[in-house]
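# Breakdown of the fold
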Amino acid sequence: MHKGSKYILLVILVLLLVLIRAYENVLFYDPYLSFFKNDYLYIDSPRREVAKLVGFTSLRYVLNSVVSLGIFYVLFGDKDILKFSVYLYGISYVFLLIPFLYFVINPRQEDYYFFFNIRRFLIQPIGIIVLLPAFYYYKLNR
């Protein structure tokens with residue numbers, strides 16, 4: 001891939017991540033967005049539609065993951081890194097969704113902080129922050 005087009009594509013992909021975050025209130029159903037902006041440790045869990053919440057949270061996870069995979073491919077151009085990332089994102093989704101469902105179905109105030117962090121891993125592209133330096137280091141020492 002030409003260096004100039006690589007940079008342009010990288011900027012577009014990063015902008016997509018920014019747009020997903022910027023329009024989260026419009027694109028996704030998530031009553032916890034406003035809940036966690038308030039003093040959530042002292043208020044009850046908001047009313048929610050569990051299936052709708054899980055569906056939109058999953059959609060957001062998939063969108064962030066696909067864009068992150070695109071960034072990995074543009075930066076490294078390595079299909080093995082891409083395959084490993086797909087497996088890692090898939091396994092992470094399953095392992096994060098289980099406690100997420102538990103906390104959505106059984107909300108307790110003492111679990112809000114843990115739920116907040118599980119939810120954060122599902123709705124924000126945190127995986128790219130961890131994997132990008134790891135893959136860069138891997139490429140340097142290969």
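One structure accompanies this document, and this report is about it. The model shown is predicted, which means the values in this text are computed figures rather than measured ones.

### Regarding the nonpolar core
In globular proteins that are soluble, nonpolar side chains generally tend to be buried together. In terms of nonpolar packing, the biggest core is built from 27 residues, with Val67, Ile71, Phe72, Tyr89, Phe100 and Phe135 touching the most fellow members. Breaking this core down by element, the ones donating at least two residues are helix H1 (3–22), helix H4 (50–76), helix H5 (79–105), helix H6 (112–123) and helix H7 (126–140). The biggest single contributor to this core is H4, with nine residues. Tyr89 has contacts with Tyr61, Ser65, Ser68, Leu69, Phe72, Gly127, Ile128 and Leu131, leaving out every residue within four places of it along the chain.

### A short note on the pattern of salt bridges
A full pass over the atoms with the stated rule returns five salt bridges. Asp78 is the partner of Lys139 in a salt bridge, and the nearest nitrogen-oxygen pair spans 3.8 Å. Of this pair, Lys139 sits in helix H7 while Asp78 sits in the loop between H4 and H5; the two residues are 61 residues apart in sequence, bridging distant segments of the chain. Arg142 is the partner of Asp78 in a salt bridge, and the nearest nitrogen-oxygen pair spans 2.4 Å. Of this pair, Asp78 sits in the loop between H4 and H5 while Arg142 sits in the segment after H7, and the two are 64 residues apart along the sequence.

### Thoughts on empty space enclosed by the protein
A full pass over the atoms with the stated rule returns two cavities of 30 Å³ or more. Its volume calculated, the second largest cavity comes out at about 30 Å³. A per-class count over the lining of the second largest cavity returns four nonpolar, one polar and two charged.

### A look at H1
The first and last C-alpha atoms of H1 sit 28 Å apart over 20 residues, in line with the 28 Å expected at 1.5 Å per residue. Three or more residues of H1 are buried, namely Leu10, Leu13, Leu17 and Ile20. Buried residues of H1 fall within an arc of 85 degrees about the axis and therefore sit on the same side. Along H1, the residues that are exposed and aim more than 90 degrees away from the buried face are Tyr7, Ile8 and Ala22. Residues of H1 that are buried make contact with helix H2 (24–27) and H4.

### Observations regarding a nonpolar patch on the surface
Together, Met1, Ile8, Leu9, Ile12, Leu16, Leu19, Tyr23, Val26 and Leu27 make up a nonpolar patch on the protein surface, roughly 890 Å² of accessible area in all. Put simply, the parts of the chain that give the nonpolar patch at least two residues each are H1 and H2. One can find Met1 in the segment before H1.

### Concerning H4
Compared with the 39 Å implied by 1.5 Å per residue over 27 residues, the 38 Å span of H4 between its first and last C-alpha is a close match. Where H4 ends, the next residue or the one after it, Gly77, has phi of about 60 degrees, a positive value.

### A short note on the layout of surface pockets
By volume, the largest pocket is sized at about 220 Å³. Around the largest pocket, the lining is made up of 16 residues, and of these Tyr61, Tyr89, Ser92, Phe121 and Gly127 lie nearest the centre. Within the residue set of the lining of the largest pocket, elements represented by two or more residues are H4, H5, H6 and H7. Here the residues of the lining of the largest pocket sort into ten nonpolar, six polar and no charged.

### Details of the packing of aromatic side chains
In this structure the tally under the stated criterion is nine aromatic pairs. Aromatic side chains Tyr102 and Phe103 sit 5.4 Å apart centroid to centroid with 65 degrees between the ring planes, which places their arrangement in the edge-to-face category. Overall, Tyr102 belongs to the partly exposed group, its relative accessible area being 40%. Look at Phe103 and Phe114: their rings are 5.4 Å apart centre to centre, the planes differ by 85 degrees, and that puts the pair in the edge-to-face class. Taken together, the residues Phe103 in helix H5 and Phe114 in helix H6 connect sequence positions eleven residues apart. According to the relative accessible area criterion, Phe114 is partly exposed, its value standing at 48%.

Conventions adopted
- Residues numbered from 1 in each chain as written.
- Predicted model: local features only at pLDDT ≥ 70, side-chain atom pairs only at ≥ 80, totals over all residues.
- Heavy atoms only, no water.
- Core = buried A, V, L, I, M, F, W, Y, C linked by side-chain atoms within 4.5 Å.
- Buried < 20%, exposed > 50% of the residue type's maximum accessible area, 1.4 Å probe, protein only.
- Helix = DSSP H or I, 4+ residues; strand = E, 2+ residues; numbered from the N terminus.
- Contact = heavy atoms within 4.5 Å.
- Salt bridge = Lys/Arg side-chain N within 4 Å of Asp/Glu carboxyl O.
- 1 Å grid on protein atoms, 1.4 Å probe; cavity = no way out; pocket = protein on both sides within 12 Å on 5 of 7 lines; lining within 4 Å.
- Points joined across faces, edges and corners; volume = space filled by probe spheres on them.
- Nonpolar A, V, L, I, M, F, W, Y, C, P; charged D, E, K, R; others polar.
- Expected span 1.5 Å × (residues − 1).
- Arc of directions from axis to C-beta.
- Patch = residues over 30% accessible without salt bridge, like charges linked within 9 Å, V, L, I, M, F, W, Y side chains within 5 Å.
- Areas by Shrake-Rupley, 256 points an atom, 1.4 Å probe, with all protein chains shown as cover.
- Phe/Tyr/Trp six-rings, centres within 6.5 Å; stacked < 30°, edge-to-face > 60°.

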